[in-house]
Each structure stands twice: as structure tokens, then as C-alpha cells.
Amino acid sequence: MTNEQFLLALQAEANTFNKAISTDDGEWIIKGFIDVYQRIYTISVDTKVVSKVLEILLLPAFDAFAKRNGLKLELPPHQNFYPDLSFTHIETGRRFAVDIKSTYRATETQINGMTLGAFTGYFRQRASQKNTLYPYGSYEGHYALGVIYSKGENFEGELRQFSLDELSEIRSVIRNFEFFAQPKYKIASYRPGSGNTKNIGSATKITDIRDGKGPFASLGEEVYDDYWMYYLTADMAREKELPRPYSNLQTYLEYKERGVDVLKSHAAEIARLAEDETMLAEEVEEAGE
């Protein structure tokens, strides 16, 4: 199974998820949590809570997806391990990482934004297995499977408990779902996500998320990897007592061009070092004989 084949299968599967988690009029089928006394507590609209409940709802669908496509599904052994879902093609051994993401509509055309994973740790140490089920570099592709939703209006249910008889009175905290599946680099931003965490931010235009047309989509995954591999926030640069190399794609281009200019100015020296290295290798080889 190739990356393209996996993506197409994942996108086709994502198109079926609306039926699994919403009613015909777009309301979320989840109304709350129930205790042993049959009291219902409505769900918070907090994105972390919503994302986790959606993940639980869709796990049976992911399991069925894996079996239909000759894939082995594995979940992370610990919380906050990467990725949320690991799929391994049984026949070829090719491995694919999928993170489940959710965000809400800020406007009709914009989302609030998402974080697409760390740009430090396992992202940079790609042979390391710290905080990841398998080393980052062992995955053939890295994907985001996400949902965009609208928040319910004037929702005050969190202040109440409901009985089973009142189930029909509970309004859903979210509605109008749109699922998407894209390679992470195609929907990534060149800025970190919100807050102080060292996470890659996402594009915020809904059409860019839906169609995989973020700023790195046309530049390619190699540029995306290079950009985020060496990205420093202002705090990281201060901590390392280094000048910040770049903060956006324009300054990244200028930074790379400066590097090219420096290399070109030392072309003769680099050529000489290459010759010396070749001669040394030949001497070692002859000595071995």
C-alpha cells in the first residue's frame, strides 16, 4: 500500500463518519455522561473533551477500516504518545501515523486552528522511540484525520443534571460536522499553534484544510520537515543564546539563501576538502588490502 492509496482509503472512510456521530439534522448524537443513578451530565464544549469523545466513538470504525484494507491497527500505550493511531500494512510492513484532530468554526470560512504535533522531541530525533509508539522516521506518512464543527448557541446545560426522561430536552453542544483527512504537511502553518507549547500550527482557512492547500502543500514535505526541524521560537532562541534564524517563510527563504551564498563563497575550500576526504578513503582502503 502506497501513501496515496492509504490517503484515498482514509478520505473515503472519513466521508462516512457523519452518519456515525450525528443525526439527520446535524446534531451530535452524544448528549452527555450517565451515572449509575441514571443522571445525565452534559458534555463540556472544551475541544480536548470533544476530541476524546469523538475518538472513542470512531474507534470501532477505525478497526473495521483496518481490517477491510489489510492493515493492523495499534493504539498508543500511554497518554500523549504519538500518534493516536498506527496502521501497518500487513503485506508490505509499511506504517502510517494518524492523529485525530478537532476544531470549531470561528466564522463561516475560518476555523479556530489546530495543533498538528510537536516540532521538537521525536519530530527532530526521528530514530528515538521516546513518547511515540514507533520512531517517527519509521512511518511512511503522517496524517491528520479531523473534524470541523459548530458550537451550539446559548448552551447552558452544563449547569444542570438531566434524567433519562429528559433526554430529548438536552441540546447538543456541537453540530454540523465536516470530516477531513490530509497529510499533515499539506495543512500545516508556518507558525506554531496557540499557547506556549512547541507544536506546529495549522492553516485556518476551511477550504485549505478541506483541500490540503496550506502554505507547505506546494513546497513539499521536504521543505516542511526542514522548516520545522530547525525552527526556534523566540523563547527557544533566548534560552540557547542564539539569534533567531527565521520566523516565517519569507525569513526562512532569506536564511536559506544566506547559507547558499556562504557555501558558494567557499566553493574552492569545499572542493578541496572533498578531494582530501576521497584521498583519505582510498588510503584506508589500500591499507586494508
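The paragraphs below set out a description of the structure included in this document.

Moving on to the packing of aromatic side chains. Under the counting rule described, the total for this entry stands at 27 aromatic pairs. Taken together, a centroid distance of 6.2 Å and an interplanar angle of 85 degrees make the contact between Phe123 and Tyr224 edge-to-face. Here Tyr224 lies in helix H6 (residues 221-229) and Phe123 lies in the loop between strand S6 (115-118) and strand S7 (141-151), a separation of 101 residues in the sequence. The same class applies to Phe123 as to Tyr224, namely buried. Where Tyr246 meets Tyr255, the ring centres are 5.4 Å apart and the plane angle is 50 degrees; that geometry is what we call tilted. On the accessibility criterion, Tyr246 (2% relative accessible area) is buried. A cation sits over an aromatic face here: Arg95 above Tyr139, 5.9 Å from the ring centre.

Quick look at the side chain of Asn199 now. Within the fold, Asn199 resides in strand S11 (residues 199-202). You can call Asn199 buried: its relative accessible area is 18%. A polar atom in the side chain of Asn199 sits 3.1 Å from the backbone nitrogen of Ala118. When residues no more than four places from it in sequence are discounted, the contact partners of Asn199 are Thr115, Gly117, Ala118, Phe119, Pro192 and Gly193.

It is worth spelling out helix H3 (residues 47-68) at this point. Between its first and last C-alpha atoms H3 spans 30 Å; for 22 residues at 1.5 Å apiece the expected length is 32 Å, and the two agree. Where H3 bends most, the angle comes to about 45 degrees, and this point is Leu58, followed within four residues by the proline Pro60. Of all the residues in H3, the buried ones are Val50, Ser51, Val53, Leu54, Glu55, Leu58, Phe62, Phe65 and Ala66. Trailing H3 by a residue or two, Gly70 shows a phi angle of about 65 degrees, which is positive.

Topologically, Asn248 is positioned in the loop between helix H7 (234-240) and helix H8 (249-265). Residues Asn248 and Ser189, 59 residues apart in the sequence, show an inter-C-alpha distance of 9.4 Å. Discounting residues that sit within four places of it in the chain, Asn248 has contacts with Tyr190 and Tyr227. For Asn248, the side chain forms a polar contact with the main-chain nitrogen of Gln250, separated by 3.1 Å.

Ordered in space as S6-S11-S10, the three strands form an open sheet in which the pairing is antiparallel. Each edge of the open sheet carries a strand with a single partner, namely S6 and strand S10 (188-192). Going from strand to strand, the sheet's axes swing by 35 degrees on average, the running direction of each strand aside. Where S6 meets S11, two bridges bridge the pair, whose relative direction is antiparallel. By the bridge assignment, Ala118 is partnered in S11 with Asn199.

What counts, and at which threshold
Residues numbered from 1 in each chain as written. Predicted model: local features only at pLDDT ≥ 70, side-chain atom pairs only at ≥ 80, totals over all residues. Heavy atoms only, no water. Phe/Tyr/Trp six-rings, centres within 6.5 Å; stacked < 30°, edge-to-face > 60°. Helix = DSSP H or I, 4+ residues; strand = E, 2+ residues; numbered from the N terminus. Buried < 20%, exposed > 50% of the residue type's maximum accessible area, 1.4 Å probe, protein only. Lys NZ or Arg CZ within 6 Å of the ring centre and 35° of its normal. Polar contact = N/O pair within 3.5 Å; in protein donor to acceptor, adjacent residues only side chain to side chain. Contact = heavy atoms within 4.5 Å. Expected span 1.5 Å × (residues − 1). Bend = angle between axes of the 7 residues up to and from the residue. Pairing = 2+ DSSP bridges. Axes fitted to C-alpha atoms, helices over the stretch in contact; angles between N-to-C directions.

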